[in-house]
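The lines below spell out each chain.
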Amino acid sequence: MFEIIHFDEIESTNTFALNNLDNLKDRQVIIANKQTCGKGRLGRKWISDIEGNVYLSIVLKPSQIYNPEMPLANLTQYMSVILCRTFNDYGISAQIKWPNDILIDGKKISGLLSELKIQGTNLKGFVLGVGVNLNLSEQHLLEINQPATALSLLLNKQINRDEFIQNMLNKFFNELESFMDNGFIFIKNEYISRSGFLGNDVVINSLNHKICGIAEAINNDGSLLLNSNGAKKIITMGDLFCL
Ligand code: BTN
């Protein structure tokens, strides 16, 4: 159903996948024990020098021609639901912060970074990067520049990384086809029920500006409906912070 390539140490599983798309198959998974240059969203760094955590990328090549109707932009939201289901298996209830951060008690435990390569009308491939804090100490968390947590700290025991990954990937690939056929609507209700920000006063930071308002709803395409002083705004990208 999917194939895995393992690396002990690599710059970034996303960078490797993007640079080698021509030689990688659809559903190829790249896993590293450590990354020397882990990338986060919006040009940030993802701390990746501690073993026992999830640093992986999934390569998808759903077709050779790029079709804007494909729900590629929503795949991170699909994965955020899959991650919540995986945490449930450990007795942990996680919440999604739009668009795709996973928080537990307000602290980040997982981040997703998607990258798309298109050449003309050709879809070279889509890369979905997944980082999950499974085994980190309180000391390690101090290195992260935002409130963060790890599954090992929540459960007070070492977490088996390979078991976690296998469970998560099985869940992801089991329903991938249905998700690709139906798009965000396929997970919309569950995404909303696992969201921890709707109805709150929020600020959205995107590359060059900030916008404040009430996070009113999630639209059928996964975008956020913001009520900013009575004006309805549709937000498709950015970082959300609850006020
Ligand atoms: C975020 O900023 O929240 C996204 C973090 C994504 C980190 C993962 S770790 C595996 C993959 N390779 C990378 O360089 N980044 C992603």
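Structural data are supplied above this passage.
For clarity, every value in this text was computed on a predicted model and none was experimentally measured.

**As for the overall build of the protein chain**
Argument step 1. When you go through the protein chain residue by residue, the secondary structure sums to seven helices and twelve strands.
Argument step 2. Its C-alpha atoms give the protein chain a radius of gyration of 17 Å, within 12% of the compact-globule value 18 Å for 243 residues.
Argument step 3. With the C-alpha coordinates aligned to their principal axes, the bounding extent of the protein chain is approximately 50 × 50 × 35 Å.
Argument step 4. In the protein chain, buried positions account for 50% of the 243 residues.

**Concerning the site of the ligand**
Argument step 1. The environment of the ligand is made up of 20 residues, and the closest members are Ser-12, Gln-35, Lys-39, Arg-41 and Lys-108.
Argument step 2. A distance of 3.0 Å separates a nitrogen atom of the ligand from a polar atom in the side chain of Gln-35.
Argument step 3. Protein chains shield 98% of the accessible area of the ligand, which is 410 Å² for the free molecule.
Argument step 4. At the level of elements, helix H1 (13-19), strand E3 (54-60), strand E6 (107-119) and strand E7 (122-132) are the ones that each hand at least two residues to the shell around the ligand.
Argument step 5. Residue classes in the shell around the ligand are distributed as six nonpolar, ten polar and four charged.

**Considerations on a nonpolar patch on the surface**
Argument step 1. Among the surface-exposed residues, Leu-42, Leu-207 and Met-237 lie close enough to one another that they form a single nonpolar patch of about 300 Å² accessible area.
Argument step 2. Within the secondary structure, Leu-207 is located in the loop between strand E8 (201-205) and strand E9 (210-218).

**A short note on the pairing of E3**
Argument step 1. A large share of E3 lies buried, amounting to seven of its seven residues.
Argument step 2. Bridging between E3 and E7 involves seven bridges; their strand directions are antiparallel. Directly across from Ser-57, in E7, lies its bridge partner Gly-129.

**Thoughts on the nonpolar core**
Argument step 1. Ranked by size, the top nonpolar core spans 54 residues in total, and within it Ile-58, Met-79, Leu-83, Phe-87, Val-130 and Phe-172 carry the most contacts.
Argument step 2. The element that contributes the greatest number of residues to this core is helix H2 (residues 75-88), accounting for eight residues.
Argument step 3. Excluding its chain neighbours within four sequence positions, the residues that come into contact with Val-130 are Val-54, Tyr-55, Leu-56, Met-79, Leu-83, Gly-111, Leu-112 and Met-168.

**Focus: the pattern of salt bridges**
Argument step 1. According to the stated counting rule, one finds 13 salt bridges in the structure shown.
Argument step 2. Here Lys-108 ties to Asp-101 by a salt bridge, and the two come within 3.0 Å at their closest N and O atoms.
Argument step 3. Since its relative accessible area comes to 9%, Lys-108 is described here as buried.
Argument step 4. When salt bridges that share partners are traced, they join Arg-85, Glu-175, Glu-190 and Arg-194 into one network.

So, how was this worked out
Residues numbered from 1 in each chain as written. Predicted model: local features only at pLDDT ≥ 70, side-chain atom pairs only at ≥ 80, totals over all residues. Heavy atoms only, no water. Helix = DSSP H or I, 4+ residues; strand = E, 2+ residues; numbered from the N terminus. Rg over C-alpha atoms; globule rule 2.2 N^0.38 Å. Buried < 20%, exposed > 50% of the residue type's maximum accessible area, 1.4 Å probe, protein only. Near = heavy atom within 4 Å. Polar contact = N/O pair within 3.5 Å; in protein donor to acceptor, adjacent residues only side chain to side chain. Areas by Shrake-Rupley, 256 points an atom, 1.4 Å probe, with all protein chains shown as cover. Nonpolar A, V, L, I, M, F, W, Y, C, P; charged D, E, K, R; others polar. Patch = residues over 30% accessible without salt bridge, like charges linked within 9 Å, V, L, I, M, F, W, Y side chains within 5 Å. Salt bridge = Lys/Arg side-chain N within 4 Å of Asp/Glu carboxyl O. Pairing = 2+ DSSP bridges. Core = buried A, V, L, I, M, F, W, Y, C linked by side-chain atoms within 4.5 Å. Contact = heavy atoms within 4.5 Å.

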